[in-house]
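Results of the structural survey
Each chain is listed here by its residues.
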2 protein chains.
Amino acid sequence: MSAPAFRRLALIGIGLIGGSIALAARRAGIAAEIVAATRSAETAATAMRLKLVDRCDTDVAGVCAGADLVIVCTPVGACGETARLIAPSLQPGCIVSDVGSVKQAVIRDMAPHLPAHVHFVPAHPVAGTENSGPEAGFAELFDGRWCILTPLPGTPVEPVDRLEAFWKALGSHVERLDAADHDRILAITSHLPHLIAYTIVGTADDLGGHLNSEVLRFAAGGFRDFTRIAASDPTMWRDVFMNNREAVLEVLQRFQEDLFYLQRAIRWGEGDKLFDLFTRTRDIRRALIHLKQA
Amino acid sequence: MSAPAFRRLALIGIGLIGGSIALAARRAGIAAEIVAATRSAETAATAMRLKLVDRCDTDVAGVCAGADLVIVCTPVGACGETARLIAPSLQPGCIVSDVGSVKQAVIRDMAPHLPAHVHFVPAHPVAGTENSGPEAGFAELFDGRWCILTPLPGTPVEPVDRLEAFWKALGSHVERLDAADHDRILAITSHLPHLIAYTIVGTADDLGGHLNSEVLRFAAGGFRDFTRIAASDPTMWRDVFMNNREAVLEVLQRFQEDLFYLQRAIRWGEGDKLFDLFTRTRDIRRALIHLKQA
C-alpha cells in the first residue's frame, strides 16, 4: 500500500460538510492525519466525541501548521475572515481550498489574504442534506456526486490535479469550470430552488386560520419535498444569497416572468399553454435521467 | 373469512391511480370482482396483459352494470362527461366516487348527471408518482397516505362510512373535509408546488447557450426534486389548474408577494430578513416531522 497522498489534512469548520470530508477522507486513506478547528468549543468537543478527526480544537490558525491540504468548510460569508486568520500558519506549497456554494465571492474574499507560497484551488462539492452540524456528517455524502473545481488562471496544474484526485478518492465526479459560469449554473439549479422552497413553506405557514394545521397534515408530495429543502442551514443559505446576488436576481427575474405567464394562462383558461410547458418539462426530466445513465 | 365488502368494483380509467386501486383492492380482498373501462383500446389491452383487473374494455357505461362501487379515475377535466356516460348504467344504491385532486369542480361537473338512486361520495387519495399509465400502478401506492373524502351535505352516513372503510383497507388514512377547504389546502400543499416546479424547470431549460447542458448535468439536490415533480402527467395537471383556478390564483399571489420580499432583501443585502425566514421554515419542517411521528 502506498503512502497517503496527503500528510496532514486540516479542516476549518466541522459541520455537515467538514465532518463528511473527514469521514470520507479516512475511508479513502488519503491523508495520514486529519485535524480540524472550529470557532465553537462545543462543536469541537462533539467532533472529538464522534471521532471525526484525530484532533479538533478552536485554534483555527494553529491547526493549519504542518498541513499540506487545508479546506475551509465554513459558511461562504466567513471564508474571507478565515483566510485572514489562517494565512500566517500556512506552510509553503500547501493547497488551500474551500467548499462554498458560491465561487466568485469566495475567491474575492479569500485570495487577497493568502500568501503567494500556497496554492489556492476553490472547490464546490455539490452535495448536502437538510441536516447540519458535526453529527450530520457521513462518509458516503460525496459518492457519485459532482465536485466542481474553479481554479484561478495561472494556478499550476499539479495542485489542481492533486485536489481533483482527493475528491475522486472521496467518491466524487470532478469537473472544472470558470467561477462565473459556476455561479450562474448553481443560481438556477440550486440557489433559486432553495429560495423558492423557503418562500413557499413560509407562504403556506402564513395562510393561518383553521386551515393551518390541515396544511401541514396533508402536506402532499410536492410540499413535503419543499419543506425538506427549506430546512437547510439558515446561515449557509443566507450567505449564498448575499454572495451570489447578481446571478440569483437574474434567474429570479426570468422565473418570475415565466410564472406570471402561467398565472395569466390559468386566469384566462388557456389550458394549452400549461399543457405545452408540462409536456416539455417531462421531456427535460427524461433527458436528465438519460444523462445520468449515460 | 367474511365475504368481500363489495360485490363488483368498477374503475373508469386505469392509469397510475386506477391501476393502483385495482392492485390494492385485490391485495385487501375487498371486492369480489374488479372490472375497468378506459377510452383507449390500447390501455385496456395493457391493463389485461398486466392482469390489473378481471375484465377491462372500452365500454365505459357497460362496465358499471352490476357494480356497487364505481370510482372515476380520469383526469379532473373528464369527470363530468364520464358521469354523463355512466349514469344510465348505475344500479340503485351504488356508491359513485372519484380520485380528483380538485373537489368543488368535480362535484359541480359530476353531481348534475348522477341519478338520485346512487350515492355520490367524492374522494381524493393524496398519493401519486411522476409516472403515469397502467404500467405505473402498484399496490402500495396508498399505504400510509391520506385519502380525503368530501361528502356533500345530505349524503347518508352509511355510503360514506363504506367508502372510508374501502380506503382504509387499501392502506390509507382517511379524513373528511369540506370541498372548499380541500381545494384551498391542496392549492398550497400540492398545486402551487407543482406549478412552481414546472416553471423553474422551463426557466432553466430556457437559459440556453453554452450553459444549458451544464445546467442539466450539475442538477443539484433542489433542482433534481423539481424535475421529478415537473415530470408529472401533463393532462392531469392542466386539468387541476383549469379547475381550481380561484384557489390557485389566491395562493400564487401570496407566494409572489413573499418571493418579491426576498428578492428585495437580496438586492439590498438584508441578510437578516433571509435568516429569519430560513429559521422559521426549518422550525415548520420540524413541526411536520413531529406531526408524522405523533
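Residues numbered from 1 in each chain as written. Chains lettered and ligands numbered in written order. Predicted model: local features only at pLDDT ≥ 70, side-chain atom pairs only at ≥ 80, totals over all residues.

As a further point, take the overall build of chain A. When you go through chain A residue by residue, the secondary structure sums to 11 helices and 9 strands. Taking 2.2 N^0.38 as the reference for a compact globule, 294 residues should give roughly 19 Å; the C-alpha atoms of chain A span a radius of gyration of 21 Å, in line with that estimate. Principal axes of the C-alpha set define a box for chain A whose edges measure 65 × 45 × 35 Å. Put simply, chain A has 294 residues, and 54% of those count as buried. For chain A, the proportion of contacts with a sequence separation of at least 24, taken over those separated by at least 6, is 75%. (Helix = DSSP H or I, 4+ residues; strand = E, 2+ residues; numbered from the N terminus. Rg over C-alpha atoms; globule rule 2.2 N^0.38 Å. Buried ≥ 20, exposed ≤ 12 C-beta atoms within 10 Å, placed from the backbone. Contact = placed C-beta atoms within 7 Å.)

What follows covers the sheet that holds strand 6 (residues 119-120) of chain A. Two strands in a sheet stick together by hydrogen bonds in their backbones, pointing the same way (parallel) or opposite ways (antiparallel). Residue and element names in this part refer to chain A. One open sheet accounts for 6 strands, arranged 3-2-1-4-5-6; its pairing is parallel. In the strand order of this sheet, the two ends are held by strand 3 (55-57) and strand 6, each with one partner. With 2 bridges connecting them, strand 5 (residues 95-98) and strand 6 associate as parallel partners. The residue bridging Val96 from the neighbouring strand is Phe120, located in strand 6. Those strands touched by helix 5 (residues 157-169) are strand 4 (69-72), strand 5 and strand 6, and its axis lies near 50° from that of strand 5. (Pairing = 2+ DSSP bridges. Axes fitted to C-alpha atoms, helices over the stretch in contact; angles between N-to-C directions.)

With that out of the way, let us pick up the interface of chain B and chain A. Taken together, the contacts link 77 residues of chain B with 76 residues of chain A. Among the elements of the structure, strand 8 (146-149), helix 6 (179-206), helix 7 (212-217), helix 8 (221-229), helix 9 (234-243), helix 10 (245-267) and helix 11 (271-293) of chain B are those that each provide at least two residues to the side of chain B that touches chain A. Considering each element in turn, the side of chain B that touches chain A owes the most residues, 21 residues, to helix 6 of chain B. Across the side of chain B that touches chain A, the residue classes tally to 47 nonpolar, 15 polar and 15 charged. (Nonpolar A, V, L, I, M, F, W, Y, C, P; charged D, E, K, R; others polar.)

A few words on the confidence of the model for chain A. Caution is warranted with low-pLDDT regions, since their predicted coordinates should not be read in detail. For chain A, the average pLDDT comes to 93, and 95% of its residues sit at 70 or higher. Two numbers describe this predicted complex: its pTM, 0.88, and its ipTM, 0.89. (pLDDT = per-residue confidence, 0-100.)

As a further point, take the domain arrangement of chain A. Residues and elements named next belong to chain A. Entries for chain A in the domain assignment read domain 1 (6-177) and domain 2 (181-293). The C-alpha centroid of domain 2 is placed 30 Å from the C-alpha centroid of domain 1. Listed per partner, the contact involves 14 residues of domain 1 and 17 residues of domain 2. Residue composition of the side of domain 1 that touches domain 2, by class: 6 nonpolar, 6 polar and 2 charged. (Domains from an automatic or database assignment.)

Here we take up the relation of the copies chain B and chain A. Both copies of the chain are related by a screw-like operation: a rotation about an axis and a shift along it. The transform that puts chain B on chain A rotates by 180° and translates by 0.0 Å along the axis, for an RMSD of 0.0 Å. What the rotation and shift describe, once combined, is the action of a two-fold rotation axis. The C-alpha atom lying nearest the rotation axis in chain B is that of Asp225 of chain B; the distance is 3.6 Å. Most of the interface of chain B is mirrored in chain A, where 99% of its interface residues are also at the interface. (Least-squares fit on C-alpha atoms with pLDDT ≥ 70 in both.)

To continue, consider unusual backbone geometry. Residue and element names in this part refer to chain A. One non-glycine residue, Lys51, lies in the positive phi region at around 55°. In this structure, Lys51 sits in the loop between helix 2 (41-49) and strand 3. Residue classification places Lys51 among the exposed positions, given that 11 C-beta atoms sit within 10 Å.

Residue and element names in this part refer to chain B. Here Cys56 shows up in strand 3 (residues 55-57). Once the C-alpha coordinates of Cys56 and Ala287 are considered, the two residues, 231 residues apart in sequence, prove to be 45 Å apart. Once you skip the residues sitting within four places of it in the chain, Cys56 turns out to touch Ile14, Val35, Ala36, Ala37, Thr38, Ala44, Ala47 and Met48.

A few words on helix 6 of chain B. Over its 28 residues, helix 6 of chain B extends 38 Å from the first C-alpha to the last, a length consistent with the 40 Å expected when each residue adds 1.5 Å. Of all the bends in helix 6 of chain B, the largest measures some 55° and sits at Ala187 of chain B. (Expected span 1.5 Å × (residues − 1). Bend = angle between axes of the 7 residues up to and from the residue.)

The next point concerns the pairing of strand 8 of chain B. All names here are of chain B. Here strand 7 (residues 123-125) runs beside strand 8; their pairing, made up of 3 bridges, is antiparallel. Of the residues in strand 8, the one forming a bridge with Pro125 is Cys147. Here 4 bridges tie strand 8 to strand 9 (residues 173-176), and the two strands are oriented parallel to one another. Across the sheet, the residue bridging to Leu149 is Arg176, located in strand 9. What joins strand 8 to strand 9 is helix 5 (residues 157-169), and the crossover it makes is right-handed. (Right-handed = clockwise from strand over helix to strand, strands pointing away.)

Let's shift gears to the sheet that holds strand 9 (residues 173-176) of chain A. Residue and element names in this part refer to chain A. Read across the sheet, 3 strands follow the order 7-8-9 without closing on themselves; strand pairing throughout is mixed. Edge strands, defined here as strands with exactly one partner in the open sheet, are strand 7 (123-125) and strand 9. In this sheet, adjacent strand axes meet at a mean angle of 20° when their direction is disregarded. Against the sheet, helix 5 touches strand 7, strand 8 (146-149) and strand 9, its axis set at about 170° to strand 8.

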